[in-house]
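# Architecture at a glance
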Amino acid sequence: MYSRIISVGSYQPDNIVTNEELEHKVNTSDEWIRTRTGIESRAIAEPGQATSDLAILAADAAIKKSDINKDEIDLIIVGTCTPDVATPNVGVIIQESLELNSCPAFSVEAACSGFIYALNIANKFILSGESKCALVVGAETLSRITDWNDRNTCVLFADGAGAAILKPSEDTGIIYSEISADGTYSDLLYVPYGTSRKPINEKENDYFLQMKGNEVFKVAVKKLESIAINTLKKNNLTSDDIDWFIPHQANIRIIQAVAKRLDMPMEKVIVTLAEHGNTSAASIPLALDKAITDGRISKGDRILLQSFGAGFTWGTVLLTL
Ligand code: COA
């Protein structure tokens, strides 16, 4: 028995901000952003749009693309580091809005690895028999914790949401998944203010993401290489056996470096950075949905998903769609 992704949906806000527009806000250039990051534009939520608003639309799209009745959903897990409020969690807000049945609904706080963590957990619920139909979401409004006067970060981060429906299946689905973290890197990428240790003081504008980009870059390449190699080894596979590689969409140079180390031709790598930017927990389901929708990925393909995020957290999911 496996758990299988039976459908995927996503949502990007309508408000698209191009690199040229950022040139008017900070001392940067379209050329710098394109060559150093691979990003050309990004979607930013409207002021009234919260993370759950994006998540609900992505979840609804995934439900509509599946053959399930929404009453079958018996588990909701959301990866996000930008929840609407401290409580209720985004999963509960989705549940209420889409009028889903009473069931466990919670969010997972693992930054950019949020979706992979959520998928890993949902897989275990399905394999144990405790869930027969899980809704797994990655959703973020990173624009809310981004300092729009800081060129080091504002050119990278963006908003969006992606969702998947998971069901038990006798056909191959999720083959392998691993997640991990190392808190010794926490000072390389973090938000100093939040709800407990340092409550947010709106006047100070100090609740924005702080990042040592260069150092994050180096650790990301090393970790992503080693977890991908580990996943392939543990499953007696090589990169030739993978149809599609979907890494976290953070920086094209990170993606290219990892692909090179894995001997994975870029033709097999799904890259949506140009139009998505780094949407944190939403990045992988957004990329997966795009590649299914445009016909690149189809049923039966073997896919390696891979995430890396603040914490640091990281993880992989190897699956057959
Ligand atoms: N526009 C123009 N110049 C910029 C800039 C911007 N938006 N941001 C930084 N610079 C400048 C720097 O100030 C520096 O100038 P200096 O040489 O005069 O000091 C120069 O560009 C090079 O900066 P550096 O930080 O070495 O650039 P980089 O090639 O490492 O690229 C990042 C910077 C942030 C794009 C890159 O390090 C990165 O993507 N890191 C990983 C971040 C990440 O993925 N975070 C999320 C993890 S999930």
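All of these numbers come straight from a predicted model, not from anything done at the bench.

## What to know about the packing of helix H3 (residues 51-65) against helix H4 (residues 90-97)
Two elements in contact, H3 and H4, have axes whose closest approach is 9 Å; the angle formed by their N-to-C orientations is 55°. When the interaxial angle is binned, H3 and H4 end up oblique. For the crossing formed where H3 meets H4, the hand is right-handed. Across the interface between the two elements, Thr51, Ser52, Ala55, Ile56 and Ala59 of H3 pack against Val90, Ile93, Ile94 and Ser97 of H4. Taken together, the residues that form the contact of H3 with H4 break down as 6 nonpolar, 3 polar and no charged.

## Topic: the site of the ligand
Close contacts around the ligand come from 23 residues, with Thr28, Arg36, Arg151, Asn214 and Asn251 the closest. A distance of 2.6 Å separates a nitrogen atom of the ligand from a polar side-chain atom of Thr28. In this structure, Gly213 approaches the ligand through a main-chain N or O atom, which is 2.9 Å from a nitrogen atom. Coverage of the ligand by the protein amounts to 74% of the 960 Å² it exposes when considered alone. Counting residues per element, the ones that place at least two in the shell around the ligand are helix H2 (30-37), helix H6 (151-154), helix H7 (213-234), helix H8 (252-262) and strand E12 (302-309). For the shell around the ligand, the leading source of residues is H7, giving 4 residues. Taken domain by domain, the shell around the ligand gets at least three of its residues from each of domain 1 (2-169) and domain 2 (175-320).

## Some words on the nonpolar core
Leu224, Ile242, Phe245, Val258, Met264, Phe308 and Phe312 are the most contacted members of the largest nonpolar core, which totals 43 residues. Of all the secondary structure elements, the ones that give two or more residues to this core are H7, H8, E12 and strand E13 (313-320). Top contributing element to this core by residue count: H7, with 8 residues. With sequence-adjacent residues up to four places away left out, Val258 is seen in contact with Val221, Leu224, Glu225, Phe245 and Gln306. Counting 31 residues, the second-largest nonpolar core is a separate cluster that includes Ile116, Leu119, Leu288 and Leu319.

## Thoughts on the domain arrangement of the protein chain
Here the domain parsing of the protein chain yields domain 1 (2-169) and domain 2 (175-320). The distance between the C-alpha centroids of domain 1 and domain 2 comes to 14 Å. Across the boundary between the two partners, domain 1 contributes 48 residues, which contact 44 residues of domain 2. When domain 1 packs against domain 2, close to 3,600 Å² is buried across both sides, 63% of that on carbon and sulfur atoms. Where domain 1 meets domain 2, there are 1 salt bridge. Ionic pairing is found between Lys65 and Asp289, a salt bridge with its closest N-O pair at 2.8 Å. Applying the counting rule to domain 1 against domain 2 returns 20 residue pairs in polar contact (both at pLDDT 80 or more). Of all elements in the fold, only strand E1 (2-11), H2, strand E3 (41-43), helix H5 (114-128), strand E6 (134-141), H6 and strand E7 (159-169) reach the threshold of two or more residues within the side of domain 1 that touches domain 2. For the side of domain 1 that touches domain 2, the class distribution of residues is 21 nonpolar, 18 polar and 9 charged.

## Considering the sheet that holds strand E4 (residues 75-79)
On the basis of which strands lie adjacent, the open sheet formed by 5 strands has the order E1-E7-E6-E4-E5 and mixed pairing. Since the sheet does not close on itself, it has two edges, and those belong to E1 and strand E5 (105-108), each with one partner. For this sheet, the mean inter-axis angle between neighbouring strands, taken without regard to orientation, is 20°. Of the strand pairs in this sheet, E6 and E7 are connected by 8 bridges, and their pairing is antiparallel. Following the sheet pairing, Glu140 is matched in E7 by Gly160. Against the sheet, H4 engages E4, E5 and E6, with an angle of about 130° to E4.

Conventions adopted
Residues numbered from 1 in each chain as written. Predicted model: local features only at pLDDT ≥ 70, side-chain atom pairs only at ≥ 80, totals over all residues. Heavy atoms only, no water. Axes fitted to C-alpha atoms, helices over the stretch in contact; angles between N-to-C directions. Helix = DSSP H or I, 4+ residues; strand = E, 2+ residues; numbered from the N terminus. Parallel < 35°, antiparallel > 145°, perpendicular 65-115°, else oblique. Left-handed = near helix turned anticlockwise from the far one by under 90°. Contact = heavy atoms within 4.5 Å. Nonpolar A, V, L, I, M, F, W, Y, C, P; charged D, E, K, R; others polar. Near = heavy atom within 4 Å. Polar contact = N/O pair within 3.5 Å; in protein donor to acceptor, adjacent residues only side chain to side chain. Areas by Shrake-Rupley, 256 points an atom, 1.4 Å probe, with all protein chains shown as cover. Domains from an automatic or database assignment. Core = buried A, V, L, I, M, F, W, Y, C linked by side-chain atoms within 4.5 Å. Buried < 20%, exposed > 50% of the residue type's maximum accessible area, 1.4 Å probe, protein only. Buried area = accessible area lost by both parts, 1.4 Å probe. Salt bridge = Lys/Arg side-chain N within 4 Å of Asp/Glu carboxyl O. Pairing = 2+ DSSP bridges.

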